[in-house]
Amino acid sequence: QVQLEESGGGLVQAGGSLRLSCAASGRTFSNYDVGWFRQAPGKEREFVVGIWWSGDTAYADSVKGRFTISRDNAKNTMYLQMNSLKPEDTALYYCAARERFGLGSRTRPASYNNWGQGTQVTVSS
């Protein structure tokens, strides 16, 4: 198991930027696929962006060109730079991790067994 802790959420106006961080502890972070998911009130948790143990990345269409994911394995930390934020980006953002070669689609929440507590992002119009 790996323990995850998000930080960096907050309130920002539309068009603004935020950077989220996800600090991991407990296991070798470089062996994990990691991703960001978000959940708005009344909606299902959805995939936002992921960076795999190989370094490859994947983005939801709704955030392509605005969000950038990165990881620093030496610091056991993953980052999500969010630019040009929109009110529809408002949600509780979670980081998640699973061991490489895990089963199931990497864009499905059910494929992850390690989750942080979430950090709130609110974008005002």
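Residues numbered from 1 in each chain as written. Predicted model: local features only at pLDDT ≥ 70, side-chain atom pairs only at ≥ 80, totals over all residues. Heavy atoms only, no water.

*Asks:* What am I meant to see in unusual backbone geometry here?
*Replies:* Note: most residues except glycine have negative phi, and most peptide bonds are trans. Not every positive phi belongs to a glycine, and Asn76 is a case in point at roughly 55°. Summarising the element assignment, Asn76 is placed in the loop between strand E7 (67–72) and strand E8 (77–82). Owing to a relative accessible area of 21%, Asn76 belongs among the partly exposed residues under this scheme. Phi at Phe101 takes a positive value of approximately 70°, unusual for a residue other than glycine. (Helix = DSSP H or I, 4+ residues; strand = E, 2+ residues; numbered from the N terminus. Buried < 20%, exposed > 50% of the residue type's maximum accessible area, 1.4 Å probe, protein only.)

*Asks:* Explain the state of the cysteines to me, please; I cannot follow it from the model alone.
*Replies:* The term disulfide refers to a covalent linkage connecting the sulfur atoms of a pair of cysteines. In total, this model carries 1 disulfide according to the counting rule given. Each sulfur of the disulfide joining Cys22 and Cys95 lies 2.1 Å from the other. For the disulfide bridge between Cys22 and Cys95, the dihedral angle about the S-S bond is near 60°, and by the sign convention the bridge is right-handed. Here Cys22, found in strand E3 (residues 18–25), pairs with Cys95, found in strand E9 (residues 91–99); they are 73 residues apart in sequence, far enough to count as distant. The exposure class assigned to Cys95 is buried, which follows from its relative accessible area of 0%. (Disulfide = S-S within 2.5 Å.)

*Asks:* I would appreciate a short explanation of the sheet that holds E7 in the present structure.
*Replies:* Two pairing modes exist for strands in a sheet, parallel and antiparallel, and in both the strands are linked by backbone hydrogen bonds. Strand order in the open sheet made by the 4 strands is E1-E3-E8-E7, with antiparallel pairing throughout. Of all strands in the sheet, those with a lone pairing partner are strand E1 (3–7) and E7, marking the two edges. This sheet shows a mean twist of 15° between the axes of neighbouring strands, independent of strand direction. Summarising the sheet, E7 and E8 pair through 6 bridges and their orientation is antiparallel. Each bridged residue has a counterpart across the sheet, and for Asp72 the counterpart in E8 is Thr77. (Pairing = 2+ DSSP bridges. Axes fitted to C-alpha atoms, helices over the stretch in contact; angles between N-to-C directions.)

*Asks:* I keep staring at the side chain of Thr77 and nothing clicks. Help me out?
*Replies:* By the secondary structure assignment, Thr77 is in strand E8. Dropping the residues within four chain positions of it, Thr77 is found in contact with Ser21, Cys22, Ala23, Phe29, Arg71 and Asp72. (Contact = heavy atoms within 4.5 Å.)

*Asks:* What exactly am I supposed to notice about the pairing of strand E5 (residues 46–51) here?
*Replies:* For a regular strand, side chains alternate in direction, first toward one face of the sheet and then toward the other. Extensive coverage of E5 is indicated by the burial of 5 of its 6 residues. Alignment of strand E4 (residues 32–39) against E5, held across 5 bridges, turns out to be antiparallel. In the strand pairing of E5, Gly35 is matched with Gly50. Linking two consecutive strands that pair antiparallel, namely E4 and E5, is a turn of 6 residues; a positive phi of about 80° is found at Gly42 within it. Alignment of E5 against strand E6 (residues 57–59), held across 3 bridges, turns out to be antiparallel. Its bridge partner being in E6, Val49 is matched across the sheet by Tyr59. In textbook terms, the turn of a hairpin is the stretch between consecutive antiparallel strands, and for E5 and E6 this stretch comprises 5 residues, one of which, Gly55, has a positive phi near 100°.

Worth remembering: the numbers are spatial, not functional.
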